[in-house]
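So you can see what is in the structure, the chains are spelled out below.
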Amino acid sequence: MSDNKIPLAGVIGCPIAHSKSPQIHGHWLKTLGLKGYYVPLHVEPENLRDVLRNMPKLGYVGANITIPHKEQALEIADVVSDHAAKIGAANTLVFTADGKIHADNTDGYGFIQNLRQSAPKWDPRLGPALVLGAGGASRAIIVALLDTGVPEILLTNRTKARAETLCQEFGARLKVVDWEQADDAVSDVATLVNTTSLGMTGKSPLTLSLANLNKKTLVTDIVYAPLKTALLAEAEAIGCPTVDGLGMLLHQAVPGFERWFGVRPEVDEDTRKAALK
Ligand code: ATR
C-alpha cells in the first residue's frame, strides 16, 4: 500500500448492525495512531462473491467475515490456510497486492488466547473438555482444543447427528454424549465450553445442571451478551474459574488487524470497554 492510500478493512455479515468489530478495530486504529478505517458491511449472500472481488479495487486490504458467510468466503478465496480448510470456514481475509484473496480462521486462536490471558493457570492437558454445541463456532473450538493437547473431548449437541459428523471428521479424541446425558458428563472434565447460542439475551436458557461440577473445572461461554451468562454465574458460585466470551471476540481480531494495518494490537481493559460501548 503506497503512502497516499488509506487502508480500509471491514466486517461482512448479514445482518451486521450488531457487530462489535468496528468498535474494536476503531479503538486500536485510534489509540495506535494509525491511518485506516474499519467499517461494517451488510452484504446479502448472493452478492458476496462480487463484493469480495471488488473490494481490493476500492482500497480494502482485507475483511472479517461473519454469519452467514464464513463457509462461502472459504470457497471464494484463492488461497486457503490449512487451518481454515480444516475448520471449513473463514473469518479473516487478506487481499494481497496481486488481487488474490487469502482466507484464514482465527476463531480458535481467539478462543485459546482468551483462556490463556484470563485464566493463566488453565491447562487443557489436565483432563477432558466438555463442549456443548456442534455448529460453526464449535468446529473452530474443537480444532483449537485438540491442537493445545486436550486428551479427550466430550461433545454434546441437541442434534446428535451433527456431533457425530464432527467426531468422524476430527477423530479419536472426540466422543459423543447424548444431549440428555450432558448433566452427568460435567463431573470429570477440566474444561467446560458452551458454544451454543443458549443463554444469549433473547434466546432460550441453557438448562445444564452443574450439580456434578468439580470446583477446578474452567467454565467458559462464547455467548457475551450478557457478559456474565447464567452458566458463568452458576459456575462462579460453585467456585470454578470462569472466562466470559467477549475476550474470544477481541483476541480473534488481533491477527487480522496486524496483517491489515501493520501493528499487533494489545487486548486490554480499554479494548474491552471499547467493545462494550
Ligand atoms: P454457530 O456457527 O454460531 O455455532 P450454528 O452453526 O447455527 O451457529 O450452531 C448453533 C449451535 O447452538 C448448535 O449446536 C445448535 O444445536 P443444533 O445443531 O441442534 O441446532 C445450538 N442450539 C441453538 N439453539 C438451540 C436450542 N434451542 N437448544 C439446543 N441447542 C441449540
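How each quantity is defined
- Residues numbered from 1 in each chain as written.
- Predicted model: local features only at pLDDT ≥ 70, side-chain atom pairs only at ≥ 80, totals over all residues.
- Heavy atoms only, no water.
- Helix = DSSP H or I, 4+ residues; strand = E, 2+ residues; numbered from the N terminus.
- Buried < 20%, exposed > 50% of the residue type's maximum accessible area, 1.4 Å probe, protein only.
- Areas by Shrake-Rupley, 256 points an atom, 1.4 Å probe, with all protein chains shown as cover.
- Lys, Arg positive; Asp, Glu negative; His and termini not counted.
- Charge placed at Lys NZ, Arg CZ, Asp CG, Glu CD.
- Arc of directions from axis to C-beta.
- Contact = heavy atoms within 4.5 Å.
- Pairing = 2+ DSSP bridges.
- Axes fitted to C-alpha atoms, helices over the stretch in contact; angles between N-to-C directions.
- Domains from an automatic or database assignment.
- Buried area = accessible area lost by both parts, 1.4 Å probe.
- Salt bridge = Lys/Arg side-chain N within 4 Å of Asp/Glu carboxyl O.
- Polar contact = N/O pair within 3.5 Å; in protein donor to acceptor, adjacent residues only side chain to side chain.
- Left-handed = near helix turned anticlockwise from the far one by under 90°.
- Nonpolar A, V, L, I, M, F, W, Y, C, P; charged D, E, K, R; others polar.

Let us look at the overall build of the protein chain. Looking only at helices and strands, the protein chain has 11 helices and 12 strands in total. Reported as C-alpha extents along the three principal axes, the dimensions of the protein chain are approximately 60 × 40 × 35 Å. Burial statistics for the protein chain: of 277 residues in total, 50% are counted as buried. For the protein chain, the accessible area works out to roughly 13000 Å², and carbon and sulfur atoms hold 52% of it. A gap of 4 Å separates the mean positions of the 28 positive and 30 negative side-chain charges of the protein chain.

Moving on: helix H11 (residues 269-276). Along H11, the positions that sit buried rather than exposed are Thr271, Arg272, Ala274 and Ala275. The buried side chains of H11 occupy one side of the element, clustering within an arc of 160° when seen end-on. Contacts from the buried residues of H11 go to helix H1 (21-31) and helix H10 (246-261).

One open sheet holds the six strands; their spatial order is S9-S8-S7-S10-S11-S12, and the pairing between them is parallel. Whereas interior strands pair on both sides, the edge strands pair on one side only; in this sheet they are strand S9 (174-177) and strand S12 (242-243). As judged from the four bridges shared by strand S8 (residues 153-156) and S9, these two strands associate in the parallel manner. Counted as the bridge partner of Ile153 is Leu174 from S9. The sheet strands contacting helix H9 (residues 230-238) are strand S10 (191-194), strand S11 (218-221) and S12, and the helix crosses S11 at an angle near 165°.

A separate point is the domain arrangement of the protein chain. Segmentation of the protein chain into domains returns domain 1 (8-107 + 248-276) and domain 2 (123-240). Here the C-alpha centroids of domain 1 and domain 2 sit 27 Å apart. Facing the 10 residues of domain 1 at the interface are 10 residues of domain 2. Regarding the contact of domain 1 and domain 2, the summed buried area is about 840 Å², with carbon and sulfur atoms giving 73% of it. Area buried by domain 1 at its contact with domain 2 is led by Lys86, Ile87 and Met248, which between them contribute 52% of it. Linking domain 1 with domain 2 are zero salt bridges, by the criterion used here. Taken together, the connections running from domain 1 to domain 2 amount to one residue pair in polar contact (both at pLDDT 80 or more).

Another aspect to go through is the packing of helix H6 (residues 136-147) against helix H7 (residues 160-170). Relative orientation of the contacting elements H6 and H7 amounts to 35°, with a least axis distance of 12 Å. Between H6 and H7 lies a crossing of right-handed hand. For the pair formed by H6 and H7, the contact residues are Ser138, Arg139, Ile142, Val143 and Leu146 on the first element and Leu166, Glu169 and Phe170 on the second. Its residues assigned to classes, the contact of H6 with H7 comprises five nonpolar, one polar and two charged.

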